[in-house]
Amino acid sequence: MGWMKDEAGLEKRAANYVALSPLSHLIRANRIFTDRTALIDRGYRASYAELYARVSRLAGALAGRGISPGDVVAAVLPNTAPHVEAHWGVPACGAVLNSINTRLDIGTISYILDHGEAKVVLVDTLFLGVVEEAIKAQEGPAPLIVEVPDAAAGYHATGRHLTYAALLAEGDPGFDWIMPVDEWESLALNYTSGTTGRPKGVVYHHRGAYLITMGTPISWRMTLYPRYLTIVPLFHCNNWCHVWTMPAVGGTTVCCRDITAKNIYDAIADEGVTHFGGAPIVLNMLVNAKATDRRAFDHVVEVFTAGAPPAPATLAAIETMGFNVTQVYGLTETYGPATECTFKDGEWDHLQGDDRAGVKARQGVPMPNMDHITVLDPETMAQIPMDGAALGEIMMRGNSVMKGYYKNPVATEEAFAGGYFHTGDIARQYPDSYVQIADRAKDIIISGGENVSSVEVEGVLMQHPAVLLSAVVAKPDDTWGEVPCAFLELKEGASATEDEIIAFVRQRLAGFKTPKHVVFQELPKTSTGKIQKFELRKIAASL
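Since this is a predicted model, take the numbers as computed values, not measurements.

Caption draft 1: Expanded view of the sheet that holds strand S26 (residues 517–520). The strand order S24-S25-S26 describes an open sheet built from three strands, whose pairing is mixed. Both edges of this open sheet fall to strand S24 (467–477) and S26, since each of them pairs with a single strand only. Adjacent strand axes in the sheet meet at a mean angle of 25° when their direction is disregarded. Pairing analysis gives ten bridges linking S24 to strand S25 (residues 481–490), with the strands arranged antiparallel. Bridging across to S25, Leu469 finds its partner in Glu489.

Caption draft 2: The arrangement of the packing of helix H1 (residues 23–32) against helix H3 (residues 81–92) in detail. Running from amino to carboxyl end, H1 crosses H3 at an angle of 105°, the nearest separation of the two axes being 10 Å. Relative to H3, H1 is oriented roughly perpendicular. Within the contact between the two elements, H1 uses Leu23, His25 and Leu26 and H3 uses Trp88, Pro91 and Ala92. Each residue belonging to the contact of H1 with H3 can be placed in one class, and the counts come to five nonpolar, one polar and no charged.

Caption draft 3: How the structure looks around the sheet that holds strand S16 (residues 365–366). Taken in spatial order, the nine strands line up as S2-S1-S11-S10-S12-S13-S14-S15-S16 in an open sheet, and their pairing is mixed. Looking at the sheet topology across the chains shown, the edges are occupied by strand S2 (44–47) and S16. The sheet contact formed by strand S12 (residues 275–278) and strand S13 (residues 301–305) spans four bridges and is parallel. Across the sheet, His275 pairs through a bridge with Glu302, a residue of S13. Sitting on the sheet, helix H11 (residues 280–287) is in contact with S12, S13 and strand S14 (323–331), with an inclination near 115° to S12.

Caption draft 4: The packing of aromatic side chains, seen in detail. On inspection of all chains with the given rule, the structure shows eleven aromatic pairs. Residues Tyr52 and Trp177 carry aromatic rings whose centres are separated by 4.9 Å and whose planes lie at 20° to one another, so their mutual orientation is stacked. Placement of Tyr52 in helix H2 (residues 48–64) and of Trp177 in the loop between helix H6 (164–169) and strand S8 (186–191) is noted, with a sequence separation of 125 residues between them. Pair check on accessibility: Tyr52 and Trp177 agree, each one buried. An aromatic cluster of three or more residues is present, and its members are Phe33, Tyr48 and Tyr225. Over the face of the ring belonging to Tyr225 we find Arg36, whose NZ or CZ atom lies 3.6 Å from the ring centre. In this structure, Arg508 packs its charged tip against the face of Phe504, placed 3.7 Å from the ring centre.

Caption draft 5: View of empty space enclosed by the protein. Going through the model one piece at a time under the given rule, you end up with two cavities of 30 Å³ or more. Roughly 50 Å³ of internal volume is contained in the largest cavity. Around the largest cavity, the lining residues are Ala38, Tyr48, Leu51, Val84, Trp88, Val243, Met246, Pro247 and Thr253. Of all the secondary-structure elements, those providing two or more residues to the lining of the largest cavity are H2 and H3.

Caption draft 6: Focus on the pairing of strand S17 (residues 370–376). Most of S17 sits out of view: five of its seven residues are buried. Bridge count between S17 and strand S18 (residues 392–398): six bridges; the pairing is antiparallel. Bridging across to S18, Thr374 finds its partner in Met395.

Caption draft 7: Representation of the state of the cysteines within the structure. A full pass over the atoms with the stated rule returns zero disulfides. Lacking any disulfide linkage, Cys241 is separated from the closest cysteine sulfur, that of Cys237, by 7.5 Å. For the unlinked cysteine Cys255, the closest cysteine sulfur is that of Cys256, found at 8.8 Å.

Caption draft 8: Focus on the pattern of salt bridges. Within this structure, the stated rule accounts for 25 salt bridges. Measuring nitrogen to oxygen at the nearest pair gives 2.7 Å for the salt bridge that ties Lys533 to Glu458. Pair noted here: Lys533 is in helix H17 (residues 533–542) and Glu458 is in helix H15 (residues 454–461), with a separation of 75 residues, a long-range link. Like Glu458, Lys533 is buried.

So, how was this worked out
- Residues numbered from 1 in each chain as written.
- Predicted model: local features only at pLDDT ≥ 70, side-chain atom pairs only at ≥ 80, totals over all residues.
- Heavy atoms only, no water.
- Pairing = 2+ DSSP bridges.
- Helix = DSSP H or I, 4+ residues; strand = E, 2+ residues; numbered from the N terminus.
- Axes fitted to C-alpha atoms, helices over the stretch in contact; angles between N-to-C directions.
- Parallel < 35°, antiparallel > 145°, perpendicular 65-115°, else oblique.
- Contact = heavy atoms within 4.5 Å.
- Nonpolar A, V, L, I, M, F, W, Y, C, P; charged D, E, K, R; others polar.
- Phe/Tyr/Trp six-rings, centres within 6.5 Å; stacked < 30°, edge-to-face > 60°.
- Buried < 20%, exposed > 50% of the residue type's maximum accessible area, 1.4 Å probe, protein only.
- Lys NZ or Arg CZ within 6 Å of the ring centre and 35° of its normal.
- 1 Å grid on protein atoms, 1.4 Å probe; cavity = no way out; pocket = protein on both sides within 12 Å on 5 of 7 lines; lining within 4 Å.
- Points joined across faces, edges and corners; volume = space filled by probe spheres on them.
- Disulfide = S-S within 2.5 Å.
- Salt bridge = Lys/Arg side-chain N within 4 Å of Asp/Glu carboxyl O.

Take a look at the structure:
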């Protein structure tokens, strides 16, 4: 390999080798961007010095409460300043952050708290009731609840739990951060949306998070001092790791608790937002905003969009409004975006309308922090023809791929078989190596950027006393991209209505997993009794 003949005395040592960690960005920013604005949350503003002090208090308080390196601290919070602080403060005491989807049902939150063995959970007052019920349903030890009220949003402390402000008061702003010795140490635990039933715990390491914070500014055309709006939930791949990126470039993180067109336009006009990420539904929201919600601005806003390709009409409209949209693609297992549709200046400039939208909707090529992303035959692991027609599975290899699934070595080995991470997404690849998803494997429904497991929804539908067989497929939707559509065969002599079925599921699952349409019919089957979902997708698309 690349070793010289005599390397005596050239070993790694403290002076020339430091474990990579995104935590180093905030330490550096505190020193060189001290008085610059680091964080904005409505009327609240904090400089880098103030953010660093609060984060240190949080880390010290957690350590004082007995949180040790490797322990899990959960958060059920919206995109607010305390959630940003937790992204720094939790790992600064050596702990692992588990940001939980605020839209999940009681049973799933209970499972996550049990599986991850969280010692503490930070909870916005809005979600306190759900989390309290989830803890009651736990099988293991209950975590300490720290209530995070938000008076600006009308959510005041209930008095039932230790508050976030009281916790911070226990901490020392001079707390000595516990930095990783090994960059493979765990940084975050993020649960998938349960696309095969129970969600899997995806573990991030410090090295992977650091490297994506280095690759993102390159892909996103960032220079110093960007102003970034948190549209992507902080519970979703840790906000695509963007909040860990901002201090590296002296950026300002602007929180957005409630995602509305008015709030986004206001943030762009009033706070000078230059970058945000989000699902195509966000773009659609901006394009179709009421005139009273729109604001004028005089700069280009760079947008990362993922989850589903934006509709050509939406893309054509928004790019005349001051937004430059780049399609990216990734999974929870890849810390967020792993590919970008790098625009080919000089080659694609002349494209307009559907042609332009078509090339910009490709998932693209690896981001700088990834090694190799391609489309292979999942059976042979051979490269498919790069002809824009042949289909295979997107496979990834790189430093920003998860450590594995927590407490699930079998699933980890399956995911990494053959030396690549198997995404489960079916795609074609073009001669220039650009990748484009053709279909979603395993019947995943992507609704508003959230993954919905058809198997999970079908399982709930089968609990209804009138249902004999159920199948759930994706129905195209102008607003959400896709929504669940249920096809049901009822038991002989039984009856049910669409409203009844929808209400039944809504009582048992999160709202985004609830079918928006229900069709009663005999389900098409193969000779072996397998339901032919491809036939149902055709019907759903025509409804």
